[in-house]
Amino acid sequence: MSLNNIASLTIPAIRDGLTKKEFSAVEVAHAAIGFAEKENPSTNAYLTFSPERALSQARRVDESIAKNEYVGVLAGVPVAIKDVIVTEGIRTTCGSRILENYIPPYDATTVIRLESEGALIIGKTNCDEFAMGSSNENSAYGPVRNPKALDRVPGGSSGGSAAVVAQGTAVVALGSDTGGSIRQPASFCGVVGVTPTYGRVSRYGLVAYASSLDHVGPFARTVADAATVLGVIAGRDDQDSTSAFAPVNDYHAAMKRPISGLKLGLPKEYFEGLGAETGDVVHSAVEQLEKLGCDVREVSLPHTKYALSCYYIIATAEASSNLARYDGVRYSARVDGDTLIDMYRNSRGAGFGTEVKRRIMLGTYVLSAGYYDAYYLKAQRVRNLIARDFTNAFQDVDALITPVSPFPAFKIGEKVDDPLAMYLSDVYTLTGDLAGVPCMSVPCGASPDGLPIGLQIFTKHFDEETMFRIAWNYEQATTG
Ligand code: GLN
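Here is a short report on the structure shown in this document. (Residues numbered from 1 in each chain as written. Predicted model: local features only at pLDDT ≥ 70, side-chain atom pairs only at ≥ 80, totals over all residues. Heavy atoms only, no water.)

## What to know about the layout of surface pockets
Of the pockets and cavities examined, the largest pocket occupies roughly 200 Å³. Every residue along the wall of the largest pocket is listed here: Ile341, Tyr344, Arg345, Arg348, Gly349, Phe352, Lys357, Ile360, Met361 and Thr364. Within the residue set of the lining of the largest pocket, elements represented by two or more residues are helix 11 (340-351) and helix 12 (354-367). For the lining of the largest pocket, the element with the highest residue contribution is helix 11, accounting for five residues. (1 Å grid on protein atoms, 1.4 Å probe; cavity = no way out; pocket = protein on both sides within 12 Å on 5 of 7 lines; lining within 4 Å. Points joined across faces, edges and corners; volume = space filled by probe spheres on them. Helix = DSSP H or I, 4+ residues; strand = E, 2+ residues; numbered from the N terminus.)

Right, here's the structure in full:
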């Protein structure tokens, strides 16, 4: 493997090249950053590059190799980080004007863990403002273009992270998922995207959108690479009291077990009304899983129809509370006014974009006295019912298989003026966040127009092994 093939590098290929001394980690860093800087104008996927940080880490990796020391499972691997995950000394904007010049004083736990295994952080990726959106068009820094079809969106909100992995300007990337923001862009860009169990990965240093729904997870071009990254970032972190003590098992060993005999459920609510463009591709993926020996049956998740409204009440309520900290006083941009209230109003008015303002207003409304019981409390109850649907289904099956999104990547501008149409992008993904179960998107083919389509796999809480096992066996069978 040479660095001429930078766009198709994988974690094992880099390890192999370093071991055989075909290239050094410093050479990988130079090649990756040079390539990413050259390609970025076509997609706008990176907001900030961090060459000094990548190069100093690469030098450490090369020194360790020279001394025959342990270098880590991600040694020399170029990684991109969604710009809602804080990086010490590297600007972190959350896709918002309000944090345009924010330089965090600390690293997120996930970033520390990646670097402790030798990863090279090469830059920060564009996203919808505060992770609110499904197309990346809500970024204050301009939309990202889908590298597979430049007139189309890459999905959102982690569209930049999906795009850089699809384009090959990073080997792997981190994203965040609150209602589908890892799986939907992974599906739109034709890469693997994983939303682990809630609590599996620390949220320390992830800028909060809706804390009870927020997850950090990886993007990669192969299932194996995604499993490697999850293995590195997963596990209890004392800095995040909601992170779980559950042991992190060896995903690589687990994923290579055959899937014959696994019971897979197709929730009928996810297929009703699904157009042929996506439906045909997903159905042939299911046939492939049957050929691999899985026992496929129809199941029902009866409360699915309430998921979208339930999600947009809970997510906006939590967002309105989390975003109250950007007041122009502590660490967001300040626009002065005659009174304190004017200063708040001016700072937030200038700093936040339309969608963020819409959500703060919605969330404040559903939490206000008189409406709390009717909206917020009701939504919490519905959330329990949705979670129970999953628990009940998992009594009979090992995993659930569904489409990721009702449609493939749409044109830039097509849905920006219609928030409800945009919210529908996540109708199949947000149930996973509401229930807190692990789920992922794995590429499963293309629409007649050649647009990537993803297959979604859900498993029981903390059963990432079965999820990777299905995805890996499917990938092996279909990509050879
Ligand atoms: N599109 C959904 C929203 O706008 C999900 C976003 C996310 O997962 N961060 O809230």
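Alright, that's what it looks like, and here's the rest.
## Side note on the sheet that holds strand 1 (residues 46-49)
Strands sit in the order 1-3-2-4-6-5-10-11-9-7-8 across an open sheet of 11 strands; the sheet is mixed. Because the sheet does not close on itself, it has two edges, and the strands there are strand 1 and strand 8 (295-299). The mean angle between the axes of side-by-side strands here comes to 30 degrees, regardless of whether they run parallel or antiparallel. Two strands pair when backbone bridges link them, and strand 1 and strand 3 (residues 120-125) are joined in this way by three bridges, in the antiparallel orientation. Bridge pairing links Thr48 to Lys124 in strand 3. Of the strands in this sheet, strand 5 (192-195), strand 7 (263-267), strand 9 (399-403), strand 10 (439-446) and strand 11 (452-459) touch helix 16 (residues 464-479), which is tilted by about 10 degrees from strand 10. (Pairing = 2+ DSSP bridges. Axes fitted to C-alpha atoms, helices over the stretch in contact; angles between N-to-C directions. Contact = heavy atoms within 4.5 Å.)

## Some remarks on the packing of aromatic side chains
Scanning all chains against the criterion turns up 18 aromatic pairs. Plain terms: the ring middles of Tyr251 and Phe468 are 5.3 Å apart, the flat faces sit at 50 degrees to each other, and that makes the pair tilted. Within this pair, whereas Tyr251 is found in helix 8 (residues 251-255), its partner Phe468 is found in helix 16, the two being separated by 217 residues in sequence. Comparing Tyr251 with Phe468, the two get one shared label, buried. Three or more aromatic residues joined by ring pairs make a cluster, and in this case those are Tyr270, Phe390, Phe394, Tyr428 and Phe458. (Phe/Tyr/Trp six-rings, centres within 6.5 Å; stacked < 30°, edge-to-face > 60°. Buried < 20%, exposed > 50% of the residue type's maximum accessible area, 1.4 Å probe, protein only.)

## A look at helix 10 (residues 307-322)
Residue pairs three or four apart in sequence face the same way in an α-helix, which turns once every 3.6 residues. The end-to-end C-alpha distance of helix 10, which contains 16 residues, comes to 22 Å, matching closely the 22 Å that a straight helix rising 1.5 Å per residue would cover. In terms of burial, helix 10 is largely enclosed, as 14 of its 16 residues are buried. (Expected span 1.5 Å × (residues − 1).)

## A closer look at the site of the ligand
Taken together, the neighbourhood of the ligand is formed by 15 residues, with Gly179, Ser181, Tyr209, Tyr311 and Asp426 sitting nearest. Measuring from an oxygen atom of the ligand, one finds a backbone N or O atom of Gly180 at 3.2 Å. Interatomic distance of 2.6 Å between a side-chain N/O atom of Tyr209 and an oxygen atom of the ligand. Isolated, the ligand exposes 290 Å² of accessible area, and the fraction of that covered by the protein chains is 100%. The cavity that encloses the ligand is the largest cavity. The class makeup of the residues in the shell around the ligand is five nonpolar, seven polar and three charged. (Near = heavy atom within 4 Å. Polar contact = N/O pair within 3.5 Å; in protein donor to acceptor, adjacent residues only side chain to side chain. Areas by Shrake-Rupley, 256 points an atom, 1.4 Å probe, with all protein chains shown as cover. Sits in = over half its atoms within 2 Å of the grid points. Nonpolar A, V, L, I, M, F, W, Y, C, P; charged D, E, K, R; others polar.)

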